[in-house]
Amino acid sequence: MTIPKANYHTHSLYCDGKEPLESYVRAAETRHFEQLGFSSHAPVPFENDFGITLEQIPAYCAEIEHLKQNTNVQLLKALECDFIPGMSTPFRQFKEQFQLDYIIGGVHLVRPPHRDGLWFIDGSKREIYDDGLRNLFDGNVQQAVTTFWEQTFEMLETEQMDVIAHFDKIKMHNQHRFFQEDEKWYRILAEKALQLIKNHDIVIEINTRGIYKGRCDAFYPSTELLTKACQMDIPVIISSDAHKSDELDLLFHEAVTELQRCGYGNLVSFDPVQKRFV
Ligand SMILES: [Zn+2]
Ligand SMILES: [Zn+2]
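Attention here is on the structure that accompanies the text. (Residues numbered from 1 in each chain as written. Chains lettered and ligands numbered in written order. Predicted model: local features only at pLDDT ≥ 70, side-chain atom pairs only at ≥ 80, totals over all residues.)

### Section: the overall build of the chain
We count it as follows: The helix and strand labels rest on DSSP assignments: H or I over at least four residues marks a helix, E over at least two residues marks a strand, and numbering proceeds from the N terminus. The globule rule used here is 2.2 Å times the number of residues to the 0.38 power, and the radius of gyration it is set against is calculated over C-alpha atoms. The burial label depends on the number of other C-beta atoms within 10 Å of a residue's C-beta. Counts of 20 or more mean buried, 12 or fewer mean exposed, and intermediate counts mean partly exposed, with C-beta atoms placed from the backbone. Once C-beta atoms have been placed from the backbone, residue pairs whose C-beta atoms lie within 7 Å are recorded as contacts.
Looking only at helices and strands, the chain features 9 helices and 11 strands. Taking 278 residues into account, the globule formula puts the C-alpha radius of gyration at 19 Å, and the chain, at 18 Å, falls close to it. By principal-axis analysis of the C-alpha atoms, the chain measures approximately 55 × 40 × 35 Å. Taken over 278 residues, the chain has a buried fraction of 46%. Considering only intrachain contacts with a sequence separation of at least 6, the fraction spanning at least 24 residues in the chain is 76%.

Shown next, in the form of structure tokens:
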């Protein structure tokens with residue numbers, strides 16, 4: 001397996017990324033990339049500082065189209081859509097309305113079944129994770145983590161996406177404190193999610209961001225789950241989930257080594273003619 005000449009998971013100033021689109025295009029050229037996919041966080045139905053707004057999406061798409069004229073790197077238009085039960089816009093709607101190349105689906109905000117509020121499991125602050133666990137789930141870790149996985153199941157069953165983002169993000173702020181990934185109940189939930197990914201023909205990403213940001217000691221997904229995904233023949237891409245242009249291919253080399261250790265022999269890439277990963 002060679003190091004991929006592409007990143008499909010990239011955030012810019014249109015959402016919570018730190019640089020304009022063009023910076024990433026130049027960085028992709030320097031790295032001799034063949035493809036670069038932009039994936040701003042999609043709008044969610046409440047005030048926030050991490051997502052693109054619905055009003056900004058046409059400008060985002062137009063800027064990508066404009067940048068295409070001045071580069072040899074194939075640029076792709078995508079969104080990273082957040083699934084929040086009963087709240088988020090159907091992914092398909094964004095894809096059709098803005099003629100996107102693909103959709104990355106993910107869970108960053110967990111909605112407790114019988115309480116108002118959302119548990120933010122991402123971001124840089126572990127305290128927010130811990131507070132949510134305490135205030136929204138009364139500290140019941142198994143119930144909270146199960147809710148994350150059930151929300152993931154619902155996303156996989158009801159939404160249309162091409163790639164699932166950072167499969168086991170729920171482990172990031174846990175840092176082996178509240179639950180262990182080899183506990184049986186956890187494995188059963190995670191493996192059920194893999195089965196749904198398989199059934200719905202979705203691509204998984206090995207996401208390097210948790211490690212290079214120092215927030216996690218493993219890739220998403222962890223070795224055991226990635227090995228299982230390989231045995232199930234689930235296609236994989238390598239993503240840096242870049243929020244800065246110099247993050248575009250961070251730890252790609254290590255990700256290749258990890259994928260090979262898990263049994264993977266090849267990666268998929270986006271075919272612009274078929275409009276899917278092959
Ligand atoms: Zn994400
Ligand atoms: Zn992302």
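Next comes the rest of the description.
### Examining the pairing of strand S2 (residues 35-41)
Here is the rule we go by: The handedness rule is simple: strands pointing away from the viewer, and a clockwise path from the first strand over the helix to the second, make the crossover right-handed. Should DSSP find at least two bridges between two strands, the strands are regarded as paired.
Most of S2 sits out of view: 6 of its 7 residues are buried. For the crossover from strand S1 (residues 6-7) across helix H1 (residues 21-30) to S2, the handedness is right-handed. In this sheet, strand S3 (residues 74-82) lies alongside S2 in parallel orientation, the contact comprising 7 bridges. Residue Leu-36 lies in a different strand from S3, and its bridge partner there is Leu-75. For the handedness criterion, the β-α-β arrangement of S2, helix H2 (residues 57-68) and S3 is classed as right-handed.

### Structural notes on the sheet that holds strand S9 (residues 236-239)
Across a sheet, strands are paired by hydrogen bonds formed along the backbone, either parallel or antiparallel in direction. Reading across the sheet, the 7 strands line up as S1-S2-S3-S4-S7-S8-S9 and stay open at both edges, with parallel pairing between neighbours. One side of each edge strand has no neighbouring strand; the edge strands of this open sheet are S1 and S9. Two strands pair when backbone bridges link them, and S3 and strand S4 (residues 102-106) are joined in this way by 5 bridges, in the parallel orientation. Its bridge partner lying in S4, Ala-78 is registered against Tyr-102.

### A few points about the environment of Asp-131
Within the element layout of this structure, Asp-131 appears in helix H4 (residues 126-137). Along the sequence, Asp-131 and Val-145 sit 14 residues apart, while their C-alpha atoms lie 14 Å from each other.

### Let's talk about unusual backbone geometry
With omega at -10 degrees, the peptide bond leading from Tyr-220 into Pro-221 counts as cis. Mapping Pro-221 onto the fold places it in the loop between helix H7 (209-212) and helix H8 (223-231). Positioned with a positive phi, Asp-138 is a non-glycine residue whose angle comes to about 50 degrees. As for its position among the elements, Asp-138 is in the loop between H4 and helix H5 (141-158). On the basis of neighbour count, Asp-138 is assigned to the exposed category, with 11 C-beta atoms found within 10 Å. Of note, the phi angle at His-176 is positive, near 60 degrees, even though the residue is not glycine. With respect to the helices and strands, the residue His-176 is situated in the loop between strand S7 (163-164) and helix H6 (184-199).

### Some points on the packing of H6 against H8
In plain terms, the rule: Fitting a line to C-alpha atoms yields each axis, with helices limited to the stretch in contact; the angle taken between N-to-C directions then spans 0 to 180 degrees. By the definition used in this description, the sense in which the near helix is turned from the far one sets the handedness, with an anticlockwise turn below a right angle giving left-handed and a clockwise turn giving right-handed.
Their axes nearest at 10 Å, the elements H6 and H8 cross at an angle of 35 degrees. In this structure, H6 meets H8 at a crossing whose hand is right-handed. On the side of H6, the interface is formed by Ala-190, Glu-191 and Leu-194, while H8 contributes Leu-225, Lys-228 and Ala-229.

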